[in-house]
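Each chain, letter by letter, is given below.
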Amino acid sequence: MNRRQFIPLSATLALALLTGCQQKDAAVDTNVDYYTCTMHPSVRSHDPHGKCPICGMDLVPVMKKGLAGKAAAPATAAPSLNEFEVPVERQQQIGVTYATAEKRPLRRTIRTVGNVVQDRTRQWEFVARAEGYVQKLYVTSPGEPVEAGQPLLTIYSPELSTAGRELVNLLNARDRAPSVDGRANSDRLIEAARRRLEQWSVTPEQIADLEKTRAPSDNVTLHSPFKGVVESVPVEQGRKVAIGDRLVDVADLSVVWVWADFYEDEISALANGLRVRLTAKSYPGRGFEGAVSLVDPFVSTESRTTRVRIDVANAGLELRPGMYVNVELDIDQGVGLTIPVGAVLPTGSRSLVFVGKGEGRLEPRLVQLGGKYGDRYEVLDGLKEGERVVSSGNFLIDAESKVQDAVKSFVPSVGQEARP
C-alpha cells in the first residue's frame, strides 16, 4: 500500500521539477552575453537572477556585440539598460549633489583690456600756412589748460601783412566805385581776399575787425578752437617757421576713445551702442561708462582679434591718453535651458551628464551644449526643463559605477551616426 502511493508522488515531484526548469530556461534571453554588477564589473555570471557576491546588488545584463539595445522587452517593467544604480547612502558618502535644468536669462560677460587715446575729432594741430617768425608764445608746455578762444601764439609774417593790405585796398576801391557793376566786381575780389586770409588761420572775427578798422597788421594771433589742454609746443619764440611747420597742438579730453581688442569668436556679439564698463588701476574702486562706437571690419591675421572703439565721457579728465583700462561688456542673448558647468562630464567631442531617476538610479545621457554663461552652460538638446542632473561628484560617480559597460548600448550607435 505504501509503495503504491510513493510511486505516483515521486512522479509528480519529478514532473514539477521538469516544468520549473523548462519555465526557467524559457525566461533566458539568448541575446544576453553575460550578467555583471554595475559596482563591480569584474563579476560575470550567466544566471539572470544572480546577485553580486561582493555587494549583493542584482546583476544587470550585458548584450552580445551587435545586439545592444535590441533585447526583447521583459514581461514586467524594468529599468532601462542605460541606467545604473548607486545607492543613496553611497552618493551621500562621496558628496553627490543635484541641480535642476532650468530656463534662465543668458547673459554673457566679455572681458578684455584697452588703451586710452584722444578723440581725433577733438584734436587740433596748428601748422604754419605762411612763412614768418614766432613773435610770442602764450603757452609754453604740454598739459597747460586752455579756454576756447584763448590766444596760443603770435606770428609775424610779411605775406600776411600783404594779404591784409590787399583786402583793405579792395574795400576802399569798392567804396569809390561809381557804378553798380564796379561794386559787384569789387565784392568778388574782396571775397577771394577773405578766403586767402582764412587759409592762413586768420579767424572770421579778425577779418571782420580788419574790415572795420582798415588797419592791416604784420602779425596774426592763433586762438584755441575749444576748451582743452596743450598737447605739444614744438616751436620757440623768435624761431623762423616755414609753410607746413607744426606750431602748437591742442586736445579736448572731455571725451576720449578706448581701443580694445576682441577675439574673432566674440565679434558676433558686438554692435554699436552697447554699454561698456571700464576700470583703471589708477582709480581703485572707480568705474567708468562708455559705449561701442565702431567695430573694425578687419581681423588681425597674427592675433585673430578685431579692434573696437569705445567712446567714454571724461569730464574730470581722469582718463588720460596712454593709460590701460580693463573693459567689461555684458551681452544679453535671451533665455535658454541651462545647467551648472560642474554637471558636464567631457567625453572627447561630446558631453555627458548623469540624470537622476530617483531611488539611487542614474541615467548617463549625451547632451548638446551651447555657449557658456558665467557658471552655467546652455543646453540645446538632450535635457528637458525640470530634470535633475548630478552637479558635483560626477567624476566619482563615473569611477564608482564603471559606466563604460553601462553605456555600451548607446555610445557605439551615436558614434556610427557621427561617421560621414
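Refer to the structure printed above.
Residues numbered from 1 in each chain as written. Predicted model: local features only at pLDDT ≥ 70, side-chain atom pairs only at ≥ 80, totals over all residues. Heavy atoms only, no water.

Q: Requested: an account of the overall build of the chain, with residues and values cited.
A: Counting secondary structure elements, the chain contains eight helices and 24 strands. Going through the 420 residues of the chain one by one, you find that 35% of them count as buried. A total accessible area of about 24700 Å² is found for the chain, and carbon and sulfur atoms account for 52% of it. (Helix = DSSP H or I, 4+ residues; strand = E, 2+ residues; numbered from the N terminus. Buried < 20%, exposed > 50% of the residue type's maximum accessible area, 1.4 Å probe, protein only. Areas by Shrake-Rupley, 256 points an atom, 1.4 Å probe, with all protein chains shown as cover.)

Q: Give me the lowdown on helix 4 (residues 180-199), citing residues and values where you can.
A: Its 20 residues give helix 4 an end-to-end C-alpha distance of 29 Å, which sits within 8% of 28 Å, the value for a rise of 1.5 Å per residue. Along helix 4, the residues classified as buried are Ser186, Ile190, Ala193 and Leu197. Buried residues along helix 4 cover an arc of 65 degrees about the axis, so they all sit on one side. Among the exposed residues of helix 4, those pointing more than 90 degrees away from its buried face are Val180, Asp181, Arg188 and Gln199. Looking at the buried side of helix 4, the elements it contacts are helix 3 (158-176) and helix 5 (204-213). (Expected span 1.5 Å × (residues − 1). Arc of directions from axis to C-beta. Contact = heavy atoms within 4.5 Å.)

Q: Give me the lowdown on the packing of helix 3 against helix 5, citing residues and values where you can.
A: Packed helices, taken two at a time, are described by the angle their axes make and the gap between the axes. Where helix 3 contacts helix 5, the two axes come as close as 10 Å, and the packing angle between them is 50 degrees. The orientation of helix 3 relative to helix 5 falls into the category oblique. The chirality of how helix 3 crosses helix 5 is right-handed. Packed against helix 3, whose contacting residues are Gly164, Leu167, Val168 and Leu171, the element helix 5 presents Ile207, Leu210 and Glu211 at the interface. (Axes fitted to C-alpha atoms, helices over the stretch in contact; angles between N-to-C directions. Parallel < 35°, antiparallel > 145°, perpendicular 65-115°, else oblique. Left-handed = near helix turned anticlockwise from the far one by under 90°.)

Q: How would you explain empty space enclosed by the protein if you had to name every residue and give the values?
A: Scanning all chains against the criterion turns up one cavity of 30 Å³ or more. Looking at the largest cavity, its volume works out to about 80 Å³. As for the largest cavity, its lining consists of Val127, Ala128, Arg129, Ala130, Ile155, Ser157, Leu160, Trp200, Ser201, Val220, Leu222 and Leu247. (1 Å grid on protein atoms, 1.4 Å probe; cavity = no way out; pocket = protein on both sides within 12 Å on 5 of 7 lines; lining within 4 Å. Points joined across faces, edges and corners; volume = space filled by probe spheres on them.)

Q: Help me get a handle on the nonpolar core, residues and values and all.
A: Leu152, Leu153, Leu167, Leu247 and Val248 are the most contacted members of the largest nonpolar core, which totals 31 residues. Sorting the residues of this core by element identifies strand 8 (132-137), strand 10 (151-156), helix 3, helix 4, helix 5, strand 11 (219-223) and strand 14 (246-251) as the ones contributing at least two each. With six residues, the top contributor of residues to this core is helix 3. The residues touching Leu247, leaving out its near neighbours within four places in the chain, are Phe126, Val127, Ala128, Leu153, Ile155, Leu222, Val233, Pro234, Val235 and Val241. In this structure, Val258, Val276, Ile310 and Leu319 belong to the second largest nonpolar core, which totals 25 residues. (Core = buried A, V, L, I, M, F, W, Y, C linked by side-chain atoms within 4.5 Å.)

Q: Can you break down the sheet that holds strand 10 residue by residue, with the values?
A: Reading across the sheet, the four strands line up as 11-10-8-13 and stay open at both edges, with antiparallel pairing between neighbours. Lying at the two open borders of the sheet, with one neighbouring strand each, are strand 11 and strand 13 (240-241). In this sheet, strand 11 lies alongside strand 10 in antiparallel orientation, the contact comprising five bridges. In the strand pairing of strand 11, Leu153 is matched with Leu222. (Pairing = 2+ DSSP bridges.)

Q: Quick rundown of unusual backbone geometry? Include the residues and the values.
A: Of note in this structure, Arg304 is not a glycine but carries a positive phi near 55 degrees. Relative to the helices and strands, Arg304 resides in the loop between strand 17 (288-295) and strand 18 (305-313). Exposure remark for Arg304: the relative accessible area of 36% places this residue in the partly exposed category. Located in the positive-phi region is Leu317, a residue other than glycine, with phi close to 60 degrees. Along the chain, Leu317 falls in the loop between strand 18 and strand 19 (324-340). Residue Leu317 is classed as partly exposed on the basis of its relative accessible area of 35%.

Q: Explain the sheet that holds strand 3 (residues 60-63) to me, and be specific about the residues and the numbers.
A: On the basis of which strands lie adjacent, the open sheet formed by three strands has the order 2-1-3 and antiparallel pairing. Two strands close off the open sheet at either side, each with one partner strand: strand 2 (44-45) and strand 3. Note: strand 1 (residues 32-36) against strand 3, four bridges, orientation antiparallel. Residue pairing for strand 3: Tyr34 is matched across the bridge by Val62.

Q: Lay out the packing of helix 4 against helix 5 with the relevant residues and their values.
A: With their axes 10 Å apart at the nearest point, helix 4 and helix 5 run at an angle of 135 degrees to one another. On the basis of the axis angle, helix 4 is oblique to helix 5. Between helix 4 and helix 5 lies a crossing of right-handed hand. Judged by residue contacts, Arg194, Leu197 and Glu198 of helix 4 engage Pro204, Ile207, Leu210 and Glu211 from helix 5. Of the residues belonging to the contact of helix 4 with helix 5, the class tally is four nonpolar, no polar and three charged. (Nonpolar A, V, L, I, M, F, W, Y, C, P; charged D, E, K, R; others polar.)

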